[in-house]
Amino acid sequence: MLDSVGALVKLGGITPAEAALAQRTAHLGNLNRKAQDASALAAYWKQLPSETRLDPAVASTAARFHLALGGNEAAQDILERALESEWNAGLVALYGEAAGADALPQIERAEKWLRLHARDPALLLALGKLCMRQALWGKAQSYIEASLALEPTHDGHMTLAALMERLGKPQEAGRHFRRSAELAG
């Protein structure tokens, strides 16, 4: 498929924009076929052109597959590179899910991003999740509440409810579970 796309562009059969979409679709399909095999996934990722690896849809798909296979470090790397190239709320949200055993380096990087994206609710929520992973409860609560103040979301309230449960505050947890259900419905 990828070889024929280039030939079609040269022959004038499709526009460059159509070719880019077809190539993205082909790469997403190839990633999907390698989703169950960590080494095949990593090998395919390495051979992708660098501009393709920075595409938010491609980066998100590859990062999700790596996470599903326990490849948090690979997912973090993919997401960080893509975010450095182009800021994307979906990638930021996924970054909050990609915490490894030690989330401190991720927290530090995300806090640097916060200087440029101070009012980004996805980044604030991701920071809250990373801080929870690191058992930085007060910091986690502050970030999650700041995210919710900017944009109340189902995920944000679920995350805060989980934190409140963890902190032994069942009434607050229940309030956030209810709010989460309202937003989901």
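Computed from a predicted model, the values in this text were never measured in an experiment.

Novice: How would you summarise the packing of helix H2 (residues 16–33) against helix H5 (residues 56–68) if you had to cite specific residues and measurements?
Specialist: At their nearest, the axes of H2 and H5 sit 10 Å apart, and the two run at 0° to each other. Put simply, H2 runs roughly parallel to H5. When H2 is examined against H5, the residues Arg-24, Leu-28, Leu-31 and Asn-32 are found in contact with a partner set consisting of Ala-57, Val-58, Thr-61, Ala-62 and Phe-65. A breakdown of the residues in the contact of H2 with H5 according to their chemical character gives six nonpolar, two polar and one charged.

Novice: Tell me about the nonpolar core, residues and numbers included.
Specialist: In terms of nonpolar packing, the biggest core is built from 45 residues, with Leu-31 and Trp-45 touching the most fellow members. When contributions to this core are tallied by element, the ones reaching two or more residues are helix H3 (38–47), H5, helix H6 (72–85), helix H7 (89–97), helix H8 (104–116), helix H9 (121–133), helix H10 (137–150) and helix H11 (154–166). Looking at this core element by element, the count peaks at nine residues for H9. Discounting residues that sit within four places of it in the chain, Trp-45 has contacts with Leu-31, Arg-53, Val-58, Ala-59, Ala-62 and Ile-78.

Novice: Break down H3 for me, citing the residues and quoting the values.
Specialist: Along H3, the residues that are buried comprise Leu-41, Tyr-44 and Trp-45. The buried residues of H3 all sit within an arc of 100° when viewed along its axis, so they share a single face. Exposed and oriented more than 90 degrees from the buried face of H3 are Ser-39 and Lys-46.

Novice: Would you mind going over unusual backbone geometry in detail, with residue names and values included?
Specialist: The residue Ala-135 is not glycine, and still its phi comes out positive at about 65°. Looking at where Ala-135 falls in the secondary structure, it is placed in the loop between H9 and H10.

Parameters at a glance
Residues numbered from 1 in each chain as written. Predicted model: local features only at pLDDT ≥ 70, side-chain atom pairs only at ≥ 80, totals over all residues. Heavy atoms only, no water. Axes fitted to C-alpha atoms, helices over the stretch in contact; angles between N-to-C directions. Helix = DSSP H or I, 4+ residues; strand = E, 2+ residues; numbered from the N terminus. Parallel < 35°, antiparallel > 145°, perpendicular 65-115°, else oblique. Contact = heavy atoms within 4.5 Å. Nonpolar A, V, L, I, M, F, W, Y, C, P; charged D, E, K, R; others polar. Core = buried A, V, L, I, M, F, W, Y, C linked by side-chain atoms within 4.5 Å. Buried < 20%, exposed > 50% of the residue type's maximum accessible area, 1.4 Å probe, protein only. Arc of directions from axis to C-beta.

That's the geometry; what it means functionally is another story.
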